[in-house]
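Secondary and tertiary structure notes
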Amino acid sequence: SRYYREVLPGEIVKISRYDVQTLDVVPRPEGDPSAFCIFEYVYFARPDSIFEGQMVYSVRRRCGQQLAIEAPVEADLVSTVPESATPAALGYAQKCGLPYVEVLCKNRYVGRTFIQPNMRLRQLGVAKKFGVLSDNFKGKRVVIIDDSIVRGNTISPIIKLLRESGAKEVHIRVASPPIKFPCYMGINIPTKEELIANRPEFHDLANYIGADSVVYLSVEGLVSSVQESIKARQENENSLKTQKSHVGKIGHCIACLTGEYPVELEW
């Protein structure tokens, strides 16, 4: 298979053995920016996916670099929980001038933890899911980059595991802002009550999950990381044209982070 092109927002395509035809493009209300789900970039999409002309991996690396600007920390090494946050961790390490070192390896013989029926089983599953590469971090200050902390269950046993295996300090840096609101656009985000960002524990999250510190990427930092190369490409395309053309507004749905939905809610 090969990458052909993106399906445009509102576009209806017909794919046959001969070609790809555009049947129709549902028009957007005049002046309305698009509202592509920003969490596709943060978590859902495969790193080799291409959205809005940019590779998801590159956006995640930029998020890590931005996180290093916003939340540096005195430490010896940068790592991650394998492996969805690896691009962000590499970006953070590069920007901070710290080595990126693996501290955990995946146990291939354990199933998915999130489908376990209760929290206790999920936490036990997490601890069994990883092997500890203790030689790599014993006696050292470790920064763990995560892509998101939703409920807060998964990271606690990992921090405990690292401390018991000799980590001197464990700092958590999250390459996306806290999720605070439900998604009405079809993404199965847990209820408001389940989200750690809405619970009393969030005010002392580091203590609650057993970390030395926890800092999330800002909403502005995420948006700028996502939009940086889109803006650069638009400006470049504009400068190539002799006549200045209208550049569409860049928009992303950040409702789960801010509570500002791209459409009116009808209930």
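Look above for the structure.
Cut-offs applied
Residues numbered from 1 in each chain as written. Predicted model: local features only at pLDDT ≥ 70, side-chain atom pairs only at ≥ 80, totals over all residues. Heavy atoms only, no water. Core = buried A, V, L, I, M, F, W, Y, C linked by side-chain atoms within 4.5 Å. Buried < 20%, exposed > 50% of the residue type's maximum accessible area, 1.4 Å probe, protein only. Helix = DSSP H or I, 4+ residues; strand = E, 2+ residues; numbered from the N terminus. Contact = heavy atoms within 4.5 Å. Pairing = 2+ DSSP bridges.

A few words now on the nonpolar core. With 33 residues, the main nonpolar core has I38, V78, I145, L222 and L257 as its most contacted residues. Looking at this core, the elements that each hand over two or more residues are α1 (38–44), α2 (56–70), α3 (86–96), β9 (141–146), α7 (219–240) and α8 (255–258). Top element by residues in this core is α2. It accounts for five residues. Those residues in contact with I145 that sit more than four places away from it in its chain are L67, V78, S79, T80, V81, A85, A88, A89, Y92, R173 and A175. Judged by nonpolar contacts, the second largest core, of 26 residues, contains F137, V142, I209 and Y216.

Glancing now at helix α5 (residues 155–164). Counting buried residues in α5 gives seven out of ten residues, a clear majority hidden from the surface. Regarding α5, the residues found buried are I155, S156, P157, I158, I159, L161 and L162. Downstream of α5 by one or two residues, G166 has phi in the positive range, about 110 degrees.

Next up on the list: the pairing of strand β1 (residues 11–15). Direction of pairing for β1 relative to strand β2 (residues 20–25): antiparallel, over a ladder of five bridges. Paired with K14 across the strands is Q21, a residue of β2. Here β1 folds back onto β2, and the loop between the two strands holds four residues.

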